[in-house]
Amino acid sequence: ELATAGVARVMIAFAVSPLPVSSASKSGRTATAAEIRGTRQNIENSLLPGEFAVSRRFEHINALAGAVNAAGLARLLAHPALLRIDLDSGGSGGLAAALPVANIDDVQALGPTGAGITVAVLDSGYDSDHPDLSDDVVGEACFCSGGGGCCPGGGSSQTGSGAAEDDHGHGTHVTGIITSAGHIAHAGAAPDVDIVAVKVLDSSNSFCCSSDIVAGLDWVI
């Protein structure tokens, strides 16, 4: 990637001092947002101008995303907090016959409806005009960087009403599998759950970068 483009979009995972991953797993304690922020700033401060351009910072996840050049990569690899560096790769949503695959028919036969439960769906968003979903969504956000920003407002991050409006359909379908009221499509597995819709897939059902997915999870946390 560096040889062909000069820069590579990457995800960086780092250990949080004074709580390395090994001791965190033994103690059961996770790093605080302040500890994550402190280590992240230390890593960013260790880089020279032009070596790394940040694209995503996370509040609750010990990671950082951005575009790095060869000099910056060497400097990151030498940092004592570094755990790993991966390409910040993209992908796309998948779709299959959800009812039999997830045994949802069996769940429905047991009788629970999901009342009092909130489910976060990270997908292409949801159709706010769909009669089967009209009263389900209680929160919305978007983290979609493709094409310079594929959120409904045109940017790469957006929260609040309208932030997760679906321009593909996959997310609406997935949300319906969970909580459709059954007016038009089949009833969902848990028609009484509340939904937090997080748009991370664009109009072609794709995401440019894993960091968008992580940003959505970070916001949910």
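Before reading further, recall that the structure is shown in the block above.
To start, this report covers the structure provided alongside it. (Residues numbered from 1 in each chain as written. Predicted model: local features only at pLDDT ≥ 70, side-chain atom pairs only at ≥ 80, totals over all residues. Heavy atoms only, no water.)

**Focus: helix α3 (residues 33-45)**
How we decide: Put simply, DSSP marks the helices as runs of H or I at least four residues long and the strands as runs of E at least two long, and each gets a number from the N terminus on. What a helix should span is 1.5 Å times the count of its residues minus one. We call a residue buried when its accessible area falls under 20% of the maximum for its residue type, exposed when it is over 50%, and partly exposed in between, using a 1.4 Å probe and counting protein chains only. Directions are taken from the helix axis to each C-beta atom, and the arc is the one they span. Any two residues having at least one pair of non-hydrogen atoms within 4.5 Å are treated as being in contact.
Relative to the 18 Å expected for 13 residues at 1.5 Å per residue, α3 spans 18 Å between its end C-alpha atoms, a close match to the ideal helical length. Within α3, the full set of buried residues consists of Glu35, Ile36, Thr39, Arg40, Ile43 and Glu44. Down the axis of α3, the buried set is contained in an arc of 165°. They therefore lie on one face. Residues of α3 that are buried in the fold lie against β1 (8-14), β2 (52-57), β3 (63-68) and α4 (70-77).

**Here's the deal with the sheet that holds strand β7 (residues 137-143)**
As a reminder of what qualifies: A pair of strands is treated as paired once DSSP finds two or more bridges between them. Every axis in this analysis is a line fitted to C-alpha atoms, fitted for helices over the stretch in contact. Angles between the N-to-C directions lie between 0 and 180 degrees.
Pairing in this open sheet of four strands is mixed, and the strands run β6-β9-β7-β8 from one edge to the other. Taken across any chain shown, the strands that pair with only one partner, and hence form the sheet edges, are β6 (118-123) and β8 (157-159). Between one strand and the next, the sheet's axes are offset by a mean angle of 15°, whatever the strand orientation. Pairing geometry for β7 and β8, over three bridges, is antiparallel. Following the sheet pairing, Ala141 is matched in β8 by Thr159. On the sheet, helix α7 (residues 170-179) packs against β6 and β9 (194-199) and is oriented at approximately 155° with respect to β6.

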